[in-house]
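This is what each chain is made of:
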Amino acid sequence: MTYGKDSQERLQKLLQSPLPSPQTSKCASELAELAEIIETIHGSIMNLRPTDSDYFGGFAPEAQYKRSDMESALDRLTRLMEETMVIIERRKCIYAFDNCAKHNAQRASGSGIFDGNAILSCIQRLSDELTRPESCAAEIEKGCELVVNKSCEGLANYVRDRGDSARLRAVSECASVLSSTIDNIVREVSYLTNSQGSNLEECLVEEVSAFEAIMFDEFLEGIRRNMTVYCKLSPMMSANIEDDEFLAEKNRSEAQFPAHLSASLLSIVRCRAQVEKALGEKTVRKQQAPSTYLFLAMSTAADSVVDGICYEISQRLARMRGSQADQYLNELQFLLNTLRKYLNDQVLHAAEGCKNKLLTKTGGGVRGQGPDGLGGIERLERLGRMFVMCLGD
C-alpha cells in the first residue's frame, strides 16, 4: 500500500481489494496515459542527469555527492507505475475472460452453440486496450482455457435430458472448434503476447477432444443399444407349410421383405440421415482421420445389426430345419452384400462363421443349388431395393 497504512484494518482491506471490472478498465486507460507522461518526464530528466565524466571530474565534492544518491524519487515512481500497470492490466484480462466465459456458458447451455467468435473478439479487444500484453501472457492463456472449459460445460448442460440430436449438435460444435477455431485463437494469442513454445493449443485441443469423445461415444453406444431391438428375427415357417410344396412355393412367391431386415436397415438409414444433418457427409473426425463421422456412425450401426442377427440365428440354430436355415442364409448374405463396406473384419469373420453353420444345417450344399439358391438373394434385393440404393455405393 502506498497510502492508508495507518487507517483501520477494515479500511485497509477495502483499499487492498481489487476494483470492480468497470472501474478497473477506466483506471487502466487513465493509468496508461499517466505512465506515458511519467516516462516522457523521466526520459527528459535522465538527459539532464550528470554523466560519469561530470561526476569524476569534480562536478560535486565527493563527500557531498555520491552516485548512489542520484536515484531520484522519479525513478522509484517509474518502477511503481510499471508494476501497477502490469497488475491492473492482468486484472483487466481476468475480468474480460471471466465475462466471456459466463456469456459462452449461457449460450452453450441454452442454444447448444460453442461461440468461438466471442473468444476471438475478447482477445482482439484486449489487443486494442493493453499496453503491456507480454506481461499478461499467462493470464490471457489461462483465460482462453477457462472460456473453452465453461463452453464445454455449457454444452454438457444443453445435452442433459435431451436425445441423440443434441449430442450430435454438441459433437458438430466441437468438430468445428477443433478444425479451425482453436487455430485462430492460438494465432491471435501468439500475435498479442509474442509467446513462443506455449502449450495453449495442446491444452485447448485436449479439453475439447475429451468432451467430443464423451458425446460421440454416448451417441455410438445409443446406436448399439437401439439396434438390438431391431434385430429380432421373424417367426420361422411352420413344419406343416414346409412339407406342403404348393403352400411353400406360394409363400415364397408372395413373400414380403422380412420385417427384421426392414426394421434393421431402416434404423441404419435413419442414423445416416441424422448424422448427415448434424455433421455433413464429409466432416472428418480429427482423432480418427481420415474417417468421417458419418462412416464411423454407419460402421457402428452396421456392425451392431449383423452381430445382433447372427446372435439371433445362433439362438434358433438347434431347432432350425433345412429350408429355414436356407432362408436365413439368404437373408444374412443379402445383409452382408448391402453393408459390406461398413463392416469391420471381426464382424465379417463372425458372419462367415454363422453362414457356415447355416450351410451345414441345409445339408452342406454349394450356394445357389438349394431350394431358393441365388434366386432368394435376388428376390431380397428386389424387395429391398430402396435400402440397397440408400446404403450401397
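Since the model is a prediction, treat every value here as computed from it, not as a measurement. For every chain, the first residue of its written sequence is number 1, and the numbers climb from 1 along that sequence. A pLDDT threshold of at least 70 governs which residues receive local features in this predicted model, and a stricter bar of 80 or more applies before side-chain atom pairs are shown or counted, although totals over entire chains, interfaces and linings include all residues. For side-chain calculations, the full set of non-hydrogen atoms in the structure is used, while hydrogens and water are omitted.

1. Regarding the pattern of salt bridges
By convention in these notes, a salt bridge is any Lys or Arg side-chain nitrogen within 4 Å of a carboxyl oxygen on Asp or Glu. Taken as a whole and assessed by the stated rule, the structure comprises 12 salt bridges. One salt bridge in this structure joins Glu 139 and Arg 90, with 3.8 Å as the shortest N-O distance. In this pair, Glu 139 sits in helix 6 (residues 137-159) while Arg 90 sits in helix 4 (residues 73-111), placing the two residues 49 residues apart along the sequence. Put simply, Asp 164 and Arg 167 hold a salt bridge, and the shortest N to O gap is 3.4 Å. Here Asp 164 and its partner Arg 167 are both found in helix 7 (residues 164-193), 3 residues apart, which amounts to about one turn of the helix. The network of salt bridges with common partners includes Asp 164, Arg 167 and Glu 218. The helix and strand labels rest on DSSP assignments: H or I over at least four residues marks a helix, E over at least two residues marks a strand, and numbering proceeds from the N terminus.

2. Quick notes on the confidence of the model for the chain
What pLDDT reports is the predictor's confidence in each residue, on a scale of 0 through 100. Per-residue pLDDT for the chain has a mean of 80; in total, 75% of the residues score no lower than 70. By mean pLDDT, helix 9 (residues 239-243) is the weakest element of the chain at 47, and helix 6 is the strongest at 94. We call two residues in contact when some of their heavy atoms are within 4.5 Å. Below pLDDT 50 for its whole length, residues 365-371 participates in 11 contacts with residues either more than four positions away or in separate chains.

3. Re a nonpolar patch on the surface
On the surface, a nonpolar cluster with roughly 260 Å² of combined accessible area is contributed by Leu 34, Ile 37 and Ile 41. The topology assignment puts Leu 34 in helix 2 (residues 21-48). Classification of Leu 34 as partly exposed rests on a relative accessible area of 38%. Nonpolar side chains (Val, Leu, Ile, Met, Phe, Trp, Tyr) are joined into patches within 5 Å and like charges within 9 Å, using only residues with over 30% relative accessible area and no salt bridge. The Shrake-Rupley method, run with a 1.4 Å probe sphere, supplies the accessible areas, and residue values consider only the shown protein chains as cover. Categorising residues by exposure relies on relative accessible area from a 1.4 Å probe, with only protein chains included: less than 20% of the type maximum marks a residue as buried, more than 50% marks it as exposed, and the intermediate range marks it as partly exposed.

4. Side note on helix 12 (residues 293-316)
Helices are assigned an expected span. That span is 1.5 Å times one less than the residue count. Taking 1.5 Å as the rise per residue, helix 12 with 24 residues should run 34 Å; its terminal C-alpha atoms sit 35 Å apart, in good agreement. For helix 12, the buried fraction is high: 19 of the 24 residues fall into the buried class.

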